[in-house]
Amino acid sequence: MKKDIKIILNNSIKAITSDIDKYSEHPGKDFTRERKLPAYTIIQFILNMEGNTLNAEIYNNFPLSRVRMSASAFVQQRDKLKPQAFKALLHEFNATLTDTKTMKGLRVYAIDGSDFCTPLNKDSQWYIPNHYIRKDGQEAKGTCLFHGNFLYDLLNKQYMDVNETRDERDGAIRLIEGIQHPINALVIMDRGYSGFNMIEHCNRYGGYYVIRSPLTNTIKEISELPDQPCDMDIEVKVSTRSQQFCDIYGYRKINVHKGRKEEYSDKTSASQWDFEEKCLIKFRVCKFMINDPDTDKDVWEVLITNLPRGKFTLKGLKRIYWLRWGIETSFRELKYAVGAINFHSKKDKFILQELYAHLIMFNAASRAAAAIPATNSDKGWTYAVDFKMVVHIFRIYFRSFNKAPPDEMYADMTRYRHMIKDGRHSMRLLKPKSAVYFTYRVA
């Protein structure tokens, strides 16, 4: 029997709103009077917002005129709610996932960052000025760019956590430290995260990790590896003490300013190091060859890990790192299927509310899609449910006035399928993106 995701999500909302003072701007005052928009209704409505204008969103979700409110009334009510309410709801909803998929008993996570263009607001904490001067003497418009760091469950297709720092390494460390039951966790990261500080954080968080390492401008022992498949253990002694001390006792010097920047030249790059003065860092390094989809040529890749060699072979590590691409495709679905490129305000607080809401709806739609098995045609093609239609149908079903049973929702979703075409790829075309402005929304 397929689960009723709507009931599960609504129960999670009730659990958050049962202690609404914790997430109110003015505890003991906000959400105390009987109104058309209590906290429960506001959260449910924001979860269901798509890419329409605000008035159209209100009309679609409140078709009865006697319960429909004005856009101004809605904005005033949502202003009483902290974004932390939606972050807590994300964790509450994630906790209801019981039948989790694992790989050899490990939940497989990926960490990566992604940018979201938000409506232009010079007062935003994410505003980036453009210092280009136009011909009329005026400075060109800047942009607002929100950067999120995400922890994503690759096998269950669920966003587990997010933070907003622009320092991706610092953001990744916070995400790793927040993982529950780390002993059963495997975290995969791309080559932008490699470094002694990150490796040691991963060694100490209590679980497993796989980090792709660049071949140049990297750890000395990795750059010196021969161009042949290898699987070896490496130990490096590092220290933040003086260069003389490091030379005498055989340590690798880590330059950490820590308020002593005057002791270093301007050309000396500072490294992040969060541990003791002297440390022995141990890790496993695997080097192998893969086919680069952009150039269609064979290239060497290196992975840093602490996975046991007897349980995870070189071939197995290739498969594990291949899974990481799931977070990249999830960003595309989050932005263009769920609609995380559409915001209904310039205000940072409201943007955070809607971003967390999009993550929750992505997770809910993923659970619904996972309950619909793929089918095979007579010609041997495999057909999976269309995720964009799953999101659309679930949102219609999630509206408070919709009383249709879950079987009807799943039946509708099953009608929309697309062919799975594994192994296909095309060159990534990078071009600047901008926010979808309010005047260009669908009516």
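As the structure is a prediction and not an experimental result, all values here were calculated from the model. (Residues numbered from 1 in each chain as written. Predicted model: local features only at pLDDT ≥ 70, side-chain atom pairs only at ≥ 80, totals over all residues. Heavy atoms only, no water.)

Turning next to the overall build of the chain. Along the chain, the regular secondary structure elements total 14 helices and 13 strands. Seen along its three principal axes, the alpha-carbon backbone of the chain occupies a region of about 80 × 65 × 50 Å. Counting the 443 residues in the chain, one finds 48% classified as buried. Of the contacts made within the chain by residues no fewer than 6 positions apart, 68% connect residues no fewer than 24 positions apart. Each charge sign in the chain was given a centre, from 68 positive and 53 negative side chains, and these centres are 4 Å apart. (Helix = DSSP H or I, 4+ residues; strand = E, 2+ residues; numbered from the N terminus. Buried < 20%, exposed > 50% of the residue type's maximum accessible area, 1.4 Å probe, protein only. Contact = heavy atoms within 4.5 Å. Lys, Arg positive; Asp, Glu negative; His and termini not counted. Charge placed at Lys NZ, Arg CZ, Asp CG, Glu CD.)

Within the secondary structure layout, Glu301 lies in strand β10 (residues 297–305). A polar contact of 2.8 Å, which involves the side chain of Glu301, links it to the side chain of Arg212. Ignoring any residue separated from it by four or fewer positions in sequence, one finds Glu301 in contact with Arg212, Cys286, Lys287, Phe288 and Ile290. (Polar contact = N/O pair within 3.5 Å; in protein donor to acceptor, adjacent residues only side chain to side chain.)

Its place among the elements puts Pro38 in the loop between α1 (5–17) and α2 (39–47). Among the residues examined, Pro38 registers a relative accessible area of 35% and is labelled partly exposed.

Inspection of the entire model under this criterion finds 23 salt bridges. One salt bridge in this structure joins Asp79 and Lys349, with 3.2 Å as the shortest N-O distance. Residue Asp79 is located in the loop between α4 (71–78) and α5 (84–94), and its partner Lys349 is located in helix α12 (residues 348–370); the two are separated by 270 residues in the primary sequence. Relative accessible area serves as the criterion here: at 30%, Asp79 is assigned to the partly exposed category. Under the relative-accessibility criterion, Lys349 is labelled buried at 14%. (Salt bridge = Lys/Arg side-chain N within 4 Å of Asp/Glu carboxyl O.)

In this section: the environment of Tyr336. Looking at the element boundaries, Tyr336 is found in helix α11 (residues 325–336). Spatially, the C-alpha atom of Tyr336 lies 9.9 Å from that of Gly51, the residues being 285 residues apart in sequence.

Turning to the environment of Tyr410, a few remarks are in order. Relative to the helices and strands, Tyr410 is located in helix α14 (residues 406–414). The residues touching Tyr410, leaving out its near neighbours within four places in the chain, are Lys2, Lys3, Ile5, Ala368, Ala371 and Ile372.

Within the open sheet, the three strands sit side by side as β11-β12-β13. Their pairing is antiparallel. Each edge of the open sheet is held by one strand with a lone partner, namely β11 (375–376) and β13 (417–419). Pairing of β11 with strand β12 (residues 382–385) involves two bridges; the strand directions are antiparallel. Pairing of Thr375 across the sheet is with Tyr383, part of β12. (Pairing = 2+ DSSP bridges.)

The subject of this paragraph is the nonpolar core. The biggest cluster of nonpolar side chains holds 85 residues, and the ones touching the most others in it are Leu9, Leu47, Phe74, Leu186, Ile320, Phe394 and Met413. Counting residues per element, this core draws most heavily on α12, which supplies 13 residues. With residues up to four places along the chain from it excluded, the contact list for Met413 reads Ala368, Ile372, Val385, Val390, Ile393 and Phe394. One finds Val187, Phe196, Cys230 and Ile234 within the second-largest nonpolar core, a separate group that totals 37 residues. (Core = buried A, V, L, I, M, F, W, Y, C linked by side-chain atoms within 4.5 Å.)

Under the definition given, this model contains 16 aromatic pairs. Pairing Phe45 with Phe62 gives two aromatic rings, centres 5.3 Å apart and planes at 75°, and the pair type is edge-to-face. With Phe45 in helix α2 and Phe62 in the loop between α3 (54–61) and α4, the pair connects residues that are 17 residues apart, well separated along the chain. By way of ring pairs, the aromatic residues Phe116, Trp126, Phe146, Phe150, Tyr152, Tyr159, Phe331, Phe362 and Phe387 are connected into one cluster. Directly above the aromatic system of Phe312 lies the positively charged group of Lys104, at a separation of 4.7 Å from the ring centroid. When the ring centre of Tyr251 is taken as reference, the NZ or CZ atom of Lys237 above it lies at 4.6 Å. (Phe/Tyr/Trp six-rings, centres within 6.5 Å; stacked < 30°, edge-to-face > 60°. Lys NZ or Arg CZ within 6 Å of the ring centre and 35° of its normal.)

It is worth spelling out the pairing of strand β3 (residues 143–153) at this point. Across the eleven residues of β3, ten count as buried, placing the element largely inside the fold. As paired elements, strand β2 (residues 127–128) and β3 share two bridges and run antiparallel to each other. Note that in β3 the partner of Ile128 across the bridge is Thr143. Linking two consecutive strands that pair antiparallel, namely β3 and strand β4 (residues 158–163), is a turn of four residues; a positive phi of about 55° is found at Lys157 within it.

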